[in-house]
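# Structure assessment
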Amino acid sequence: MVDRRDFAWIVPLFLLGPVLLGGCYVPPGAPTPVDYRRAAEPTTGQPYYVYVPSDYTPDREWPLVITLHGLNPWDDYKMQIREWDSLAEEKGLIVVAPKLRAPVSHAVKFAGGWFRDLEADEEFLLALLDQVCGDYRIDRRAVLLTGFSAGGYPMYWVGLRHPERFSMLVARACNSDMKLFERIELSDGAKRLPIRIFWGKDDFGPIRDQSWDAIRFLRTHECYGTEYRKIDGGHLRRPEQAYSMWREVLPPEHQR
């Protein structure tokens, strides 16, 4: 039987399009002394953006943020790096924003191929993490995986299947899907992984419903490190909120 919530993406796209466009607007941040740059992961050939703070030095380890975009054209990997760059400069974070498949193909997942796209994104994200850790001196204890909107699909898929690679998952007004959760065998590491889920009190109904679905699934399956928060506003990006939650588990030397 088809679950009506599988078509929840249609509501914000076609009925609430003007609101969604406003909600996904990337507010201008403070100017940064260096710019982000575009690159490609060599194993998969997939592109990504990376921001490295101007005071980066390999003399010490740095925290890393991997931020996952939602549905095009309302969100993409360039919007993700733009929303994080000034915060990254201020807080001393290396940030990468990869171009993904599953946040887009979920809209036509009944045509097939969605889980293949999730697996392709998984291969890419793990290879990208290894590449960035080779290119820069990254503290493996301080790697955040965060998604916005439809970026929740690959965030849950990759983060829960490879909890040893990340220090926290933060879902920012994220979609989820029970079909996705049902394919994940949760390890003891996944059950210990800190997970934060938040959304706006005025967010779209499908986002609120799917956030609750994720919370119920995770807590039912003993992921007791899962916490949630409802905050003011609608379908907004809020990287600063994600950082404040992650800061709770960051080693003291990375807290600015």
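Basis of the calculations
Residues numbered from 1 in each chain as written. Predicted model: local features only at pLDDT ≥ 70, side-chain atom pairs only at ≥ 80, totals over all residues. Heavy atoms only, no water. Helix = DSSP H or I, 4+ residues; strand = E, 2+ residues; numbered from the N terminus. Areas by Shrake-Rupley, 256 points an atom, 1.4 Å probe, with all protein chains shown as cover. Salt bridge = Lys/Arg side-chain N within 4 Å of Asp/Glu carboxyl O. Phe/Tyr/Trp six-rings, centres within 6.5 Å; stacked < 30°, edge-to-face > 60°. Buried < 20%, exposed > 50% of the residue type's maximum accessible area, 1.4 Å probe, protein only. Lys NZ or Arg CZ within 6 Å of the ring centre and 35° of its normal. Core = buried A, V, L, I, M, F, W, Y, C linked by side-chain atoms within 4.5 Å. Contact = heavy atoms within 4.5 Å. Pairing = 2+ DSSP bridges. Axes fitted to C-alpha atoms, helices over the stretch in contact; angles between N-to-C directions. Parallel < 35°, antiparallel > 145°, perpendicular 65-115°, else oblique. Left-handed = near helix turned anticlockwise from the far one by under 90°.

### Some details on the overall build of the protein chain
Along the backbone of the protein chain there are 10 helices and eight strands. Element-wise, carbon and sulfur atoms account for 52% of the exposed surface of the protein chain, whose accessible area totals about 11,200 Å².

### Some thoughts on the pattern of salt bridges
Any two side chains of opposite charge can pair if their charged atoms end up close together. By the definition in use, this model includes 14 salt bridges. In this structure, the salt-bridge partner of arginine 165 is aspartate 130, at a minimum N-O distance of 2.5 Å. Remark: aspartate 130 occurs in helix H5 (residues 114–135) and arginine 165 occurs in the loop between helix H6 (152–161) and strand E6 (168–172); sequence separation between them is 35 residues. The partner of arginine 196 in a salt bridge is glutamate 248, with the nearest N and O atoms 3.8 Å apart.

### Some remarks on the packing of aromatic side chains
The geometry of two aromatic rings is summed up by the distance between their centres and the angle between their planes. Going through the model one piece at a time under the given rule, you end up with 13 aromatic pairs. Consider the rings of tyrosine 56 and tryptophan 62, whose centres lie 5.3 Å apart with planes at 45°: the pair is tilted. On the basis of relative accessible area, tryptophan 62 is assigned to the buried category, the value being 0%. Of the aromatic side chains, those joined through ring pairs into one cluster are Trp114, Phe115, Tyr153 and Trp157. Taking NZ or CZ as reference, arginine 60 lies 3.6 Å from the ring centre of tryptophan 62, over its face. Positioned above the aromatic ring of phenylalanine 115, the side-chain terminus of arginine 183 is 3.7 Å from the ring centre.

### Regarding the nonpolar core
Grouped together as the largest cluster of nonpolar side chains are 56 residues, with contacts concentrated most on Leu64, Ile66, Tyr156, Leu160, Leu180 and Ile197. Among the elements that take part in this core, H5 stands out by supplying 10 residues, more than any other. Beyond its immediate stretch of four places on either side in the chain, leucine 160 contacts Met155, Leu169, Phe181, Ile184, Leu186, Ala190, Ile195 and Leu218.

### A look at the environment of glycine 233
As for its placement among the helices and strands, glycine 233 is situated in the loop between strand E8 (226–231) and helix H10 (239–246). Sequence spacing of glycine 233 and glycine 200 is 33 residues, and the spatial spacing of their C-alpha atoms is 4.9 Å. Ignoring any residue separated from it by four or fewer positions in sequence, one finds glycine 233 in contact with Gly200, Lys201, Asp202, Asp203 and Arg238.

### Describing H10
Counting buried residues in H10 gives six out of eight residues, a clear majority hidden from the surface. Among all positions of H10, only Pro239, Gln241, Ala242, Tyr243, Met245 and Trp246 are buried.

### Focus: the sheet that holds strand E1 (residues 37–40)
Strand order in the open sheet formed by eight strands is E1-E2-E4-E3-E5-E6-E7-E8, with mixed pairing between adjacent strands. Looking at the sheet topology across the chains shown, the edges are occupied by E1 and E8. Ignoring strand direction, the axes of neighbouring strands in this sheet form an average angle of 20°. Taken together, the three bridges between strand E3 (residues 62–68) and strand E4 (residues 94–98) define a ladder with parallel strand orientation. Across the sheet, the residue bridging to leucine 64 is isoleucine 94, located in E4.

### Considering unusual backbone geometry
Both trends apply: most residues other than glycine have a negative phi, and most peptide bonds are in trans. Of note, the amide linkage connecting asparagine 72 to proline 73 takes the cis form, showing an omega dihedral of 5°. Its identity as a non-glycine residue notwithstanding, arginine 238 has a phi of 55°, on the positive side. If you trace the backbone, arginine 238 turns up in the loop between E8 and H10.

### A few points about the side chain of histidine 162
By the element assignment, histidine 162 lies in the loop between H6 and E6. Leave out the neighbours within four places in its chain, and histidine 162 touches Glu122 and Leu126.

### Here we look at the packing of helix H3 (residues 77–91) against H10
For the pair H3 and H10, interaxial distance at closest approach is 10 Å and the crossing angle is 40°. When the axes of H3 and H10 are compared, the pair comes out oblique. Handedness of the H3/H10 crossing: right-handed. Two secondary-structure elements touch here, H3 through Glu83, Trp84, Leu87 and Lys91 and H10 through Pro239, Glu240, Ala242 and Tyr243.

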